[in-house]
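For reference, the chains in residue letters:
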Amino acid sequence: MGSSSETPKQQTQSSGHGHGRRLVLFPVPLQGHINPMLQLANILHSKAGFSITVIHTKFNSPDQSKYPHFKFQPIPDRFLENELASTTDVISLLTVHNVYCVAPFRDCLAGLLSNVSEEPIACLITDALWHFTQAVADSFKLPRIVLRTSSVSSFIASTIFPLLRKKGYLPKQDSQLAAPVPELPPLRVKDIPTIGADIPGDLDELIEGMIKETKASSGLIWNSFTELEQPALATLQQDFGIPVFPIGPFHKNFPASSSSLLTQDQSSISWLDKQAPKSVIYVSFGSIAAMDETEFLEMAWGLANSMQPFLWVVRPGIIRGSEWIEPLPKGFTEAVGERGHIVKWAPQQDVLTHPATGGFWTHNGWNSTLESICEGVPMICSPCFGDQMVNARYVSHVWRVGVQLENGLERGEVEKAIRRLMVEKEGEAMRQRIMCMKESVNLCLKQGGSSYQSLESLISYMLSF
Ligand code: UDX
(Lines give C-alpha, C1' and ligand atoms only; values in the text may rest on other atoms or scores of the structure.)
Protein backbone atom coordinates (compact mmCIF):
# COMPACT_ATOMS: atom_id res chain seq x y z
CA MET A 1 0.00 0.00 0.00
CA GLY A 2 1.48 3.31 -1.01
CA SER A 3 0.72 6.89 -0.15
CA SER A 4 2.25 10.23 -0.95
CA SER A 5 3.95 10.32 2.45
CA GLU A 6 5.77 7.05 1.77
CA THR A 7 7.89 8.37 -1.09
CA PRO A 8 11.34 9.73 -0.26
CA LYS A 9 11.66 13.44 0.37
CA GLN A 10 14.74 14.73 -1.38
CA GLN A 11 14.31 18.34 -2.30
CA THR A 12 12.28 21.51 -2.29
CA GLN A 13 9.91 22.55 -5.05
CA SER A 14 11.96 25.42 -6.34
CA SER A 15 15.24 23.59 -6.65
CA GLY A 16 14.71 22.50 -10.25
CA HIS A 17 16.01 18.96 -9.81
CA GLY A 18 13.99 17.82 -12.78
CA HIS A 19 16.50 19.48 -15.09
CA GLY A 20 17.82 16.79 -17.33
CA ARG A 21 14.60 14.73 -17.21
CA ARG A 22 11.57 14.98 -19.44
CA LEU A 23 7.91 14.24 -18.75
CA VAL A 24 5.53 13.19 -21.52
CA LEU A 25 1.88 14.16 -20.99
CA PHE A 26 -1.24 13.12 -22.92
CA PRO A 27 -4.52 14.97 -22.15
CA VAL A 28 -8.04 13.97 -23.19
CA PRO A 29 -8.98 16.67 -25.76
CA LEU A 30 -11.88 18.23 -23.86
CA GLN A 31 -11.76 21.62 -22.12
CA GLY A 32 -12.36 20.23 -18.62
CA HIS A 33 -9.44 17.80 -19.10
CA ILE A 34 -7.00 19.98 -21.08
CA ASN A 35 -7.04 22.78 -18.49
CA PRO A 36 -5.87 20.68 -15.52
CA MET A 37 -3.34 18.68 -17.60
CA LEU A 38 -1.63 21.82 -18.90
CA GLN A 39 -1.75 23.43 -15.47
CA LEU A 40 -0.04 20.30 -14.11
CA ALA A 41 2.59 20.55 -16.85
CA ASN A 42 3.23 24.16 -15.85
CA ILE A 43 3.57 23.19 -12.18
CA LEU A 44 6.05 20.39 -12.86
CA HIS A 45 8.05 22.54 -15.26
CA SER A 46 8.21 25.69 -13.17
CA LYS A 47 8.50 24.17 -9.70
CA ALA A 48 10.70 21.17 -10.49
CA GLY A 49 12.44 22.04 -13.74
CA PHE A 50 11.20 19.07 -15.78
CA SER A 51 11.19 19.46 -19.56
CA ILE A 52 7.75 18.85 -20.98
CA THR A 53 6.45 17.17 -24.13
CA VAL A 54 2.70 17.13 -24.70
CA ILE A 55 1.34 14.45 -27.03
CA HIS A 56 -2.07 15.62 -28.25
CA THR A 57 -4.77 14.71 -30.73
CA LYS A 58 -5.15 17.06 -33.68
CA PHE A 59 -8.71 17.64 -32.51
CA ASN A 60 -8.86 20.44 -29.91
CA SER A 61 -5.08 20.81 -29.99
CA PRO A 62 -3.69 23.25 -27.41
CA ASP A 63 -2.55 26.72 -28.50
CA GLN A 64 1.21 26.13 -28.64
CA SER A 65 2.02 29.84 -28.74
CA LYS A 66 0.88 30.03 -25.10
CA TYR A 67 3.47 27.37 -24.12
CA PRO A 68 6.75 28.27 -25.84
CA HIS A 69 8.60 26.33 -23.11
CA PHE A 70 6.92 23.00 -24.03
CA LYS A 71 7.27 20.66 -27.01
CA PHE A 72 4.13 19.37 -28.74
CA GLN A 73 3.65 16.14 -30.72
CA PRO A 74 0.34 15.72 -32.58
CA ILE A 75 -1.12 12.30 -33.31
CA PRO A 76 -3.97 11.59 -35.73
CA ASP A 77 -7.48 10.97 -34.41
CA ARG A 78 -11.01 10.37 -35.62
CA PHE A 79 -12.80 13.12 -33.74
CA LEU A 80 -15.07 15.28 -35.85
CA GLU A 81 -16.20 18.65 -34.54
CA ASN A 82 -19.93 18.01 -34.96
CA GLU A 83 -19.70 14.51 -33.46
CA LEU A 84 -19.23 15.95 -30.01
CA ALA A 85 -22.75 17.33 -29.94
CA SER A 86 -23.89 15.26 -27.00
CA THR A 87 -22.48 13.63 -23.91
CA THR A 88 -23.29 10.12 -25.13
CA ASP A 89 -21.09 10.89 -28.12
CA VAL A 90 -18.26 11.83 -25.79
CA ILE A 91 -18.35 8.44 -24.06
CA SER A 92 -18.53 6.42 -27.27
CA LEU A 93 -15.84 8.54 -28.92
CA LEU A 94 -13.49 8.06 -25.99
CA THR A 95 -14.18 4.33 -26.14
CA VAL A 96 -13.36 4.27 -29.86
CA HIS A 97 -10.21 6.32 -29.37
CA ASN A 98 -8.89 4.04 -26.64
CA VAL A 99 -8.51 1.56 -29.49
CA TYR A 100 -7.82 3.86 -32.44
CA CYS A 101 -5.02 5.82 -30.72
CA VAL A 102 -2.96 2.78 -29.68
CA ALA A 103 -0.77 2.61 -32.81
CA PRO A 104 -0.25 6.37 -33.38
CA PHE A 105 0.46 6.89 -29.67
CA ARG A 106 2.90 3.97 -29.51
CA ASP A 107 4.75 5.19 -32.64
CA CYS A 108 4.93 8.71 -31.27
CA LEU A 109 6.27 7.52 -27.90
CA ALA A 110 8.78 5.21 -29.60
CA GLY A 111 10.07 8.22 -31.54
CA LEU A 112 10.41 10.29 -28.38
CA LEU A 113 12.18 7.49 -26.49
CA SER A 114 14.69 6.92 -29.27
CA ASN A 115 15.56 10.60 -29.60
CA VAL A 116 18.96 10.74 -27.89
CA SER A 117 19.32 14.47 -28.43
CA GLU A 118 16.64 15.08 -25.79
CA GLU A 119 16.57 14.52 -22.04
CA PRO A 120 15.68 10.97 -20.93
CA ILE A 121 11.99 10.51 -20.17
CA ALA A 122 11.25 10.05 -16.46
CA CYS A 123 7.65 8.96 -16.92
CA LEU A 124 4.41 9.31 -18.80
CA ILE A 125 1.45 11.24 -17.33
CA THR A 126 -1.88 10.55 -19.00
CA ASP A 127 -5.54 11.24 -18.30
CA ALA A 128 -7.22 8.35 -16.46
CA LEU A 129 -9.68 8.03 -19.35
CA TRP A 130 -6.80 7.14 -21.71
CA HIS A 131 -6.59 3.68 -20.18
CA PHE A 132 -4.94 2.15 -23.26
CA THR A 133 -1.74 4.06 -22.46
CA GLN A 134 -0.89 1.73 -19.56
CA ALA A 135 -0.23 -1.24 -21.88
CA VAL A 136 1.82 1.00 -24.20
CA ALA A 137 3.85 2.33 -21.26
CA ASP A 138 4.41 -1.24 -20.00
CA SER A 139 5.64 -2.34 -23.42
CA PHE A 140 8.37 0.33 -23.18
CA LYS A 141 8.96 -0.33 -19.45
CA LEU A 142 8.12 3.32 -18.87
CA PRO A 143 6.34 4.25 -15.62
CA ARG A 144 2.89 5.78 -16.16
CA ILE A 145 1.32 8.17 -13.67
CA VAL A 146 -2.37 8.91 -14.00
CA LEU A 147 -4.11 12.27 -13.73
CA ARG A 148 -7.79 11.99 -12.83
CA THR A 149 -9.44 15.36 -13.41
CA SER A 150 -12.61 14.77 -11.38
CA SER A 151 -13.16 14.90 -7.62
CA VAL A 152 -11.96 11.90 -5.60
CA SER A 153 -15.49 11.35 -4.24
CA SER A 154 -17.06 11.02 -7.69
CA PHE A 155 -14.28 8.65 -8.76
CA ILE A 156 -14.96 6.45 -5.73
CA ALA A 157 -18.66 6.40 -6.67
CA SER A 158 -17.83 5.20 -10.19
CA THR A 159 -15.53 2.46 -8.89
CA ILE A 160 -18.51 0.62 -7.38
CA PHE A 161 -20.81 0.68 -10.44
CA PRO A 162 -20.92 -3.15 -10.62
CA LEU A 163 -22.03 -3.31 -6.96
CA LEU A 164 -24.62 -0.58 -7.56
CA ARG A 165 -26.00 -2.56 -10.51
CA LYS A 166 -26.10 -5.74 -8.44
CA LYS A 167 -28.00 -3.97 -5.67
CA GLY A 168 -30.54 -2.64 -8.17
CA TYR A 169 -29.78 1.10 -7.94
CA LEU A 170 -28.93 1.08 -11.65
CA PRO A 171 -30.56 1.61 -14.05
CA LYS A 172 -32.13 4.44 -12.04
CA GLN A 173 -35.89 4.08 -11.53
CA ASP A 174 -37.95 7.28 -11.28
CA SER A 175 -39.56 6.08 -8.04
CA GLN A 176 -36.12 5.51 -6.44
CA LEU A 177 -34.31 8.74 -7.37
CA ALA A 178 -34.53 10.31 -3.91
CA ALA A 179 -33.58 7.10 -2.07
CA PRO A 180 -30.24 7.21 -0.23
CA VAL A 181 -27.36 5.00 -1.37
CA PRO A 182 -26.02 3.71 1.98
CA GLU A 183 -22.75 2.61 0.31
CA LEU A 184 -22.01 6.22 -0.70
CA PRO A 185 -23.35 8.68 1.87
CA PRO A 186 -24.69 11.34 1.37
CA LEU A 187 -25.48 10.38 -2.25
CA ARG A 188 -28.97 9.49 -3.40
CA VAL A 189 -29.74 7.25 -6.36
CA LYS A 190 -30.13 10.35 -8.58
CA ASP A 191 -26.56 11.45 -7.67
CA ILE A 192 -24.83 8.28 -8.92
CA PRO A 193 -22.51 9.60 -11.66
CA THR A 194 -24.07 8.00 -14.74
CA ILE A 195 -24.24 9.56 -18.18
CA GLY A 196 -27.18 9.21 -20.56
CA ALA A 197 -29.11 5.94 -20.50
CA ASP A 198 -27.56 4.07 -17.58
CA ILE A 199 -27.85 0.63 -19.11
CA PRO A 200 -24.63 -1.42 -19.22
CA GLY A 201 -22.58 -0.28 -22.22
CA ASP A 202 -19.80 2.08 -23.26
CA LEU A 203 -19.75 4.00 -19.96
CA ASP A 204 -19.27 0.86 -17.86
CA GLU A 205 -16.60 -0.32 -20.27
CA LEU A 206 -14.76 3.00 -20.15
CA ILE A 207 -14.91 3.14 -16.35
CA GLU A 208 -13.83 -0.48 -16.01
CA GLY A 209 -10.82 0.19 -18.23
CA MET A 210 -10.02 3.36 -16.32
CA ILE A 211 -10.10 1.61 -12.94
CA LYS A 212 -8.14 -1.48 -14.02
CA GLU A 213 -5.36 0.51 -15.69
CA THR A 214 -5.22 3.09 -12.92
CA LYS A 215 -4.62 0.26 -10.45
CA ALA A 216 -1.84 -0.99 -12.76
CA SER A 217 -0.21 2.46 -12.92
CA SER A 218 2.65 3.84 -10.83
CA GLY A 219 0.60 6.56 -9.14
CA LEU A 220 -2.43 8.81 -9.21
CA ILE A 221 -2.51 12.63 -9.21
CA TRP A 222 -5.58 14.59 -8.09
CA ASN A 223 -6.61 18.18 -8.70
CA SER A 224 -7.96 18.23 -5.16
CA PHE A 225 -6.56 18.64 -1.66
CA THR A 226 -6.51 16.50 1.46
CA GLU A 227 -8.59 18.81 3.68
CA LEU A 228 -11.39 18.83 1.09
CA GLU A 229 -11.72 15.10 0.46
CA GLN A 230 -10.07 13.27 3.34
CA PRO A 231 -12.55 10.35 3.64
CA ALA A 232 -12.58 9.64 -0.10
CA LEU A 233 -8.78 9.81 -0.26
CA ALA A 234 -8.54 7.34 2.62
CA THR A 235 -10.88 4.91 0.82
CA LEU A 236 -8.89 5.29 -2.36
CA GLN A 237 -5.56 4.61 -0.70
CA GLN A 238 -7.01 1.49 0.87
CA ASP A 239 -8.59 0.18 -2.36
CA PHE A 240 -6.00 1.10 -4.98
CA GLY A 241 -2.64 0.33 -3.37
CA ILE A 242 -0.71 2.86 -5.46
CA PRO A 243 0.84 6.17 -4.40
CA VAL A 244 -1.74 8.97 -4.42
CA PHE A 245 -0.89 12.66 -4.82
CA PRO A 246 -3.58 15.26 -4.04
CA ILE A 247 -1.68 18.38 -5.13
CA GLY A 248 -4.49 20.74 -6.12
CA PRO A 249 -6.02 23.13 -6.76
CA PHE A 250 -3.71 23.38 -9.77
CA HIS A 251 -4.93 26.69 -11.16
CA LYS A 252 -3.98 28.62 -8.01
CA ASN A 253 -0.35 28.22 -9.04
CA PHE A 254 -0.97 30.25 -12.21
CA PRO A 255 -3.00 33.43 -12.53
CA ALA A 256 -5.18 32.65 -15.54
CA SER A 257 -6.00 29.79 -17.83
CA SER A 258 -4.10 29.93 -21.10
CA SER A 259 -5.54 26.67 -22.34
CA SER A 260 -8.99 27.98 -23.23
CA LEU A 261 -10.21 26.53 -26.51
CA LEU A 262 -12.68 29.37 -27.03
CA THR A 263 -11.95 33.09 -26.97
CA GLN A 264 -12.71 34.52 -23.55
CA ASP A 265 -14.84 37.66 -23.86
CA GLN A 266 -13.08 40.37 -21.82
CA SER A 267 -16.19 42.57 -21.84
CA SER A 268 -17.23 40.31 -18.93
CA ILE A 269 -14.68 42.10 -16.75
CA SER A 270 -15.44 45.65 -17.89
CA TRP A 271 -19.15 44.95 -17.26
CA LEU A 272 -18.37 43.51 -13.79
CA ASP A 273 -16.32 46.64 -13.02
CA LYS A 274 -19.57 48.64 -13.11
CA GLN A 275 -21.45 46.41 -10.64
CA ALA A 276 -21.75 46.64 -6.85
CA PRO A 277 -19.59 44.32 -4.69
CA LYS A 278 -20.93 40.73 -4.39
CA SER A 279 -24.07 41.63 -6.34
CA VAL A 280 -23.62 39.57 -9.53
CA ILE A 281 -24.69 36.00 -10.13
CA TYR A 282 -22.32 34.41 -12.68
CA VAL A 283 -23.90 31.66 -14.79
CA SER A 284 -22.00 29.04 -16.78
CA PHE A 285 -22.57 25.37 -17.54
CA GLY A 286 -19.08 24.53 -18.83
CA SER A 287 -17.95 23.18 -22.16
CA ILE A 288 -20.12 20.10 -22.84
CA ALA A 289 -23.52 20.34 -21.11
CA ALA A 290 -26.49 21.15 -23.37
CA MET A 291 -30.15 22.03 -22.78
CA ASP A 292 -33.49 22.32 -24.54
CA GLU A 293 -34.96 25.64 -25.60
CA THR A 294 -37.61 25.39 -22.88
CA GLU A 295 -34.97 24.99 -20.18
CA PHE A 296 -33.03 27.92 -21.60
CA LEU A 297 -36.12 30.14 -21.48
CA GLU A 298 -36.85 29.11 -17.88
CA MET A 299 -33.29 30.11 -17.00
CA ALA A 300 -33.70 33.43 -18.79
CA TRP A 301 -36.94 34.33 -17.02
CA GLY A 302 -35.65 33.14 -13.66
CA LEU A 303 -32.66 35.44 -14.04
CA ALA A 304 -34.79 38.33 -15.27
CA ASN A 305 -37.35 37.98 -12.46
CA SER A 306 -34.68 37.70 -9.74
CA MET A 307 -33.85 41.39 -10.25
CA GLN A 308 -30.22 40.50 -9.48
CA PRO A 309 -27.43 41.53 -11.90
CA PHE A 310 -26.19 38.54 -13.90
CA LEU A 311 -23.29 37.60 -16.17
CA TRP A 312 -24.41 34.66 -18.32
CA VAL A 313 -22.19 32.45 -20.47
CA VAL A 314 -24.31 31.03 -23.29
CA ARG A 315 -21.84 28.85 -25.16
CA PRO A 316 -22.68 28.58 -28.88
CA GLY A 317 -24.48 25.25 -29.34
CA ILE A 318 -25.50 24.88 -25.68
CA ILE A 319 -29.18 25.17 -26.70
CA ARG A 320 -30.02 22.11 -28.77
CA GLY A 321 -31.13 23.15 -32.24
CA SER A 322 -29.95 26.78 -31.93
CA GLU A 323 -26.75 28.52 -32.89
CA TRP A 324 -26.70 30.96 -29.99
CA ILE A 325 -29.33 33.06 -28.17
CA GLU A 326 -31.93 33.30 -30.96
CA PRO A 327 -34.60 31.68 -28.74
CA LEU A 328 -34.56 34.66 -26.34
CA PRO A 329 -37.98 36.27 -26.65
CA LYS A 330 -38.28 39.73 -28.18
CA GLY A 331 -38.05 42.37 -25.49
CA PHE A 332 -36.02 40.23 -23.06
CA THR A 333 -32.77 42.13 -23.57
CA GLU A 334 -34.58 45.47 -23.32
CA ALA A 335 -36.41 44.38 -20.15
CA VAL A 336 -33.17 43.33 -18.48
CA GLY A 337 -31.14 46.26 -19.79
CA GLU A 338 -27.75 46.86 -18.20
CA ARG A 339 -28.60 44.44 -15.39
CA GLY A 340 -27.64 41.44 -17.52
CA HIS A 341 -24.65 40.68 -19.70
CA ILE A 342 -24.53 37.63 -21.99
CA VAL A 343 -21.26 36.34 -23.50
CA LYS A 344 -20.25 33.26 -25.48
CA TRP A 345 -17.31 32.36 -23.21
CA ALA A 346 -15.84 34.21 -20.24
CA PRO A 347 -12.44 34.44 -18.54
CA GLN A 348 -13.99 32.35 -15.75
CA GLN A 349 -11.19 32.44 -13.22
CA ASP A 350 -10.99 36.24 -13.48
CA VAL A 351 -14.77 36.49 -13.19
CA LEU A 352 -14.77 34.42 -10.00
CA THR A 353 -11.99 36.55 -8.52
CA HIS A 354 -13.81 39.79 -9.31
CA PRO A 355 -15.20 41.62 -6.23
CA ALA A 356 -18.60 42.12 -7.94
CA THR A 357 -19.21 38.37 -8.26
CA GLY A 358 -21.39 37.15 -5.39
CA GLY A 359 -22.62 33.75 -6.60
CA PHE A 360 -22.00 31.11 -9.27
CA TRP A 361 -24.87 29.22 -10.89
CA THR A 362 -22.93 26.23 -12.19
CA HIS A 363 -23.28 22.74 -13.66
CA ASN A 364 -20.61 21.69 -11.09
CA GLY A 365 -17.97 20.41 -13.47
CA TRP A 366 -15.04 19.72 -11.15
CA ASN A 367 -12.91 22.59 -12.47
CA SER A 368 -15.74 25.07 -12.00
CA THR A 369 -16.51 23.75 -8.53
CA LEU A 370 -12.87 24.02 -7.43
CA GLU A 371 -12.46 27.46 -9.00
CA SER A 372 -15.51 28.66 -7.05
CA ILE A 373 -14.20 27.22 -3.77
CA CYS A 374 -10.82 28.85 -4.35
CA GLU A 375 -12.43 32.28 -4.69
CA GLY A 376 -14.97 31.86 -1.88
CA VAL A 377 -18.00 32.15 -4.20
CA PRO A 378 -21.10 30.18 -3.05
CA MET A 379 -23.00 28.21 -5.70
CA ILE A 380 -26.37 27.35 -7.17
CA CYS A 381 -26.01 23.78 -8.44
CA SER A 382 -27.60 22.47 -11.63
CA PRO A 383 -25.64 19.29 -12.35
CA CYS A 384 -26.20 17.84 -15.82
CA PHE A 385 -24.42 14.49 -15.93
CA GLY A 386 -21.69 12.26 -14.52
CA ASP A 387 -19.41 13.56 -11.78
CA GLN A 388 -21.32 16.85 -11.67
CA MET A 389 -24.13 15.17 -9.71
CA VAL A 390 -21.71 14.02 -7.00
CA ASN A 391 -20.02 17.42 -6.87
CA ALA A 392 -23.36 19.19 -6.50
CA ARG A 393 -24.35 16.92 -3.60
CA TYR A 394 -21.06 17.63 -1.84
CA VAL A 395 -21.42 21.37 -2.41
CA SER A 396 -24.96 21.46 -1.01
CA HIS A 397 -24.86 18.75 1.67
CA VAL A 398 -21.27 18.14 2.80
CA TRP A 399 -19.54 21.48 2.48
CA ARG A 400 -22.87 23.36 2.62
CA VAL A 401 -21.73 26.16 0.36
CA GLY A 402 -24.52 26.07 -2.20
CA VAL A 403 -28.13 25.26 -2.98
CA GLN A 404 -29.14 22.64 -5.49
CA LEU A 405 -31.97 23.10 -7.97
CA GLU A 406 -33.51 19.67 -7.46
CA ASN A 407 -36.32 19.75 -9.98
CA GLY A 408 -34.70 20.86 -13.19
CA LEU A 409 -34.94 24.38 -14.53
CA GLU A 410 -38.13 26.24 -13.63
CA ARG A 411 -38.27 30.04 -13.45
CA GLY A 412 -39.90 30.28 -9.99
CA GLU A 413 -37.38 27.83 -8.51
CA VAL A 414 -34.52 29.69 -10.15
CA GLU A 415 -35.68 33.01 -8.76
CA LYS A 416 -36.06 31.50 -5.28
CA ALA A 417 -32.58 29.92 -5.38
CA ILE A 418 -30.98 33.20 -6.48
CA ARG A 419 -32.69 35.01 -3.60
CA ARG A 420 -31.61 32.35 -1.08
CA LEU A 421 -28.01 32.63 -2.21
CA MET A 422 -27.63 36.33 -2.91
CA VAL A 423 -30.01 38.02 -0.46
CA GLU A 424 -31.04 35.81 2.44
CA LYS A 425 -29.19 34.95 5.68
CA GLU A 426 -28.79 31.35 4.51
CA GLY A 427 -26.66 32.59 1.60
CA GLU A 428 -24.54 34.69 3.92
CA ALA A 429 -23.82 31.59 6.05
CA MET A 430 -22.78 29.70 2.91
CA ARG A 431 -20.53 32.58 1.94
CA GLN A 432 -18.84 32.46 5.33
CA ARG A 433 -18.31 28.71 5.06
CA ILE A 434 -16.84 28.92 1.58
CA MET A 435 -14.55 31.76 2.69
CA CYS A 436 -13.16 29.32 5.30
CA MET A 437 -12.61 26.79 2.51
CA LYS A 438 -10.81 29.45 0.49
CA GLU A 439 -8.53 29.96 3.48
CA SER A 440 -7.80 26.22 3.70
CA VAL A 441 -6.89 26.28 -0.01
CA ASN A 442 -4.35 29.01 0.65
CA LEU A 443 -2.88 27.04 3.56
CA CYS A 444 -2.62 23.72 1.70
CA LEU A 445 -0.57 25.33 -1.07
CA LYS A 446 1.84 27.14 1.26
CA GLN A 447 5.15 25.61 2.30
CA GLY A 448 4.37 22.75 4.69
CA GLY A 449 0.73 22.57 3.55
CA SER A 450 -0.80 19.27 2.42
CA SER A 451 -0.72 19.92 -1.33
CA TYR A 452 2.73 21.47 -1.11
CA GLN A 453 4.07 18.37 0.63
CA SER A 454 2.26 16.05 -1.72
CA LEU A 455 3.82 17.84 -4.69
CA GLU A 456 7.26 17.47 -3.13
CA SER A 457 6.61 13.75 -2.76
CA LEU A 458 5.44 13.50 -6.36
CA ILE A 459 8.55 15.25 -7.67
CA SER A 460 10.86 13.05 -5.60
CA TYR A 461 8.95 9.98 -6.72
CA MET A 462 9.28 10.88 -10.40
CA LEU A 463 12.98 11.51 -9.97
CA SER A 464 13.37 8.07 -8.41
CA PHE A 465 12.31 6.27 -11.60
C1 UDX B 1 -16.02 18.25 -18.14
C2 UDX B 1 -17.13 17.65 -17.29
O3 UDX B 1 -18.36 18.18 -17.64
C4 UDX B 1 -16.85 17.84 -15.84
O5 UDX B 1 -17.91 17.35 -15.09
C6 UDX B 1 -15.59 17.11 -15.52
O7 UDX B 1 -15.30 17.26 -14.14
C8 UDX B 1 -14.46 17.67 -16.36
O9 UDX B 1 -14.80 17.61 -17.73
P10 UDX B 1 -16.74 20.89 -18.27
O11 UDX B 1 -18.16 20.50 -18.40
O12 UDX B 1 -16.20 21.73 -19.33
O13 UDX B 1 -15.78 19.64 -18.01
O14 UDX B 1 -16.67 21.67 -16.87
P15 UDX B 1 -15.51 22.12 -15.91
O16 UDX B 1 -14.84 20.95 -15.29
O17 UDX B 1 -16.12 23.06 -14.97
O18 UDX B 1 -14.43 22.84 -16.83
C19 UDX B 1 -14.69 23.99 -17.55
C20 UDX B 1 -13.45 24.83 -17.64
O21 UDX B 1 -13.67 25.84 -18.63
C22 UDX B 1 -13.11 25.56 -16.34
O23 UDX B 1 -11.71 25.50 -16.10
C24 UDX B 1 -13.55 26.99 -16.58
O25 UDX B 1 -12.76 27.96 -15.93
C26 UDX B 1 -13.43 27.11 -18.08
N27 UDX B 1 -14.43 28.06 -18.60
C28 UDX B 1 -15.75 27.79 -18.49
C29 UDX B 1 -13.99 29.25 -19.15
O30 UDX B 1 -12.78 29.51 -19.23
N31 UDX B 1 -14.92 30.11 -19.61
C32 UDX B 1 -16.26 29.88 -19.54
O33 UDX B 1 -17.03 30.74 -19.99
C34 UDX B 1 -16.69 28.68 -18.97
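Note that the structure is a prediction, hence the values are computed from the model and not measured. The residue numbering used here restarts from 1 in each chain and proceeds along that chain's sequence as written. Local features in a predicted model are, by the rule used here, given only for residues with pLDDT of at least 70; side-chain atom pairs are given and counted only at 80 or more, and totals for whole chains, interfaces and linings are based on all residues. With hydrogens and water excluded, all non-hydrogen atoms of the structure serve as input to the side-chain values.

Student: I tried to follow the pattern of salt bridges on my own but got confused; where do I start?
Tutor: Close approach of charged atoms allows side chains with opposite charge to pair. Note on definitions: salt bridges are taken to be side-chain nitrogens of Lys or Arg within 4 Å of carboxyl oxygens of Asp or Glu. Considering all chains together, one arrives at 19 salt bridges under this definition. Its salt-bridge partner being Asp 292, residue Arg 320 comes within 2.6 Å of it at the nearest N-O pair. Placement of the pair is Arg 320 in the loop between strand E9 (310-313) and helix H11 (332-336) and Asp 292 in the loop between strand E8 (280-284) and helix H10 (293-306), with a sequence separation of 28 residues. One salt bridge in this structure joins Lys 416 and Glu 413, with 3.9 Å as the shortest N-O distance. Per the convention used, a helix needs a DSSP run of H or I reaching at least four residues, while a strand needs a run of E reaching at least two, with both numbered from the N terminus.

Student: Where do I start with the domain arrangement of the protein chain in this structure?
Tutor: How big an interface is tends to be stated in terms of the accessible area lost upon association of its parts. The domains assigned to the protein chain are domain 1 (8-259 + 446-463) and domain 2 (267-442). Its C-alpha centre places domain 1 at a distance of 27 Å from the equivalent point of domain 2. In this description, contact between two residues means that some pair of their heavy atoms is separated by no more than 4.5 Å. Between domain 1 and domain 2, the contact holds 37 residues from the first and 28 residues from the second. Buried area is understood as the total, over both parts, of accessible area removed when two parts are fitted together, assessed with a 1.4 Å probe. Of the roughly 2700 Å² buried between domain 1 and domain 2, counting both surfaces, carbon and sulfur atoms make up 60%. By the criterion of area lost to domain 2, the three top residues of domain 1 are Pro 186, Leu 228 and His 251, representing 19% of everything that side buries. In this entry, domain limits derive from an automatic or database-based domain assignment.

Student: Mind showing me how you'd approach the side chain of Asn 367 here?
Tutor: Within the secondary structure, Asn 367 is located in helix H13 (residues 366-374). Exposed residues in this analysis have more than 50% of their type's maximum accessible area, buried residues have under 20%, and partly exposed residues fall in between, with area computed by a 1.4 Å probe over protein chains only. For Asn 367, a relative accessible area of 14% gives the class buried. Once residues within four sequence positions are removed from consideration, Asn 367 is found in contact with Gly 32, Pro 36 and Asn 223.

Student: When you look at the site of the ligand in this model, what are you seeing that I'm missing?
Tutor: We define proximity as follows: a residue is near a molecule or strand when any one of its heavy atoms falls within 4 Å of that partner. The local shell around the ligand holds 22 residues, among which Ser 287, Ala 346, Ser 368, Glu 371 and Asp 387 are the closest. Here an oxygen atom of the ligand sits 3.0 Å away from a polar atom, N or O, in the side chain of Asn 35. The definition of a polar contact used here is a pair of N or O atoms within 3.5 Å, where within protein one atom must be able to donate a hydrogen and the other to accept one, and adjacent residues in sequence count solely through side-chain atom pairs. With respect to the ligand, the side chain of Gln 264 contributes an N or O atom lying 3.0 Å from an oxygen atom. Per-residue accessibility takes into account occlusion by the displayed protein chains alone, with areas from the Shrake-Rupley method and a 1.4 Å probe. Burial of the ligand by the protein amounts to 97% of the accessible area it has alone, namely 650 Å². Looking at the shell around the ligand, the elements with two or more residues in it are helix H1 (31-48), E8, H13 and helix H14 (387-398). Classification used: nonpolar for Ala, Val, Leu, Ile, Met, Phe, Trp, Tyr, Cys and Pro, charged for Asp, Glu, Lys and Arg, polar for all others including Gly. Among the residues making up the shell around the ligand, the classes are represented as six nonpolar, 14 polar and two charged. Looking at the shell around the ligand, you find at least three residues from each of domain 1 (8-259 + 446-463) and domain 2 (267-442).

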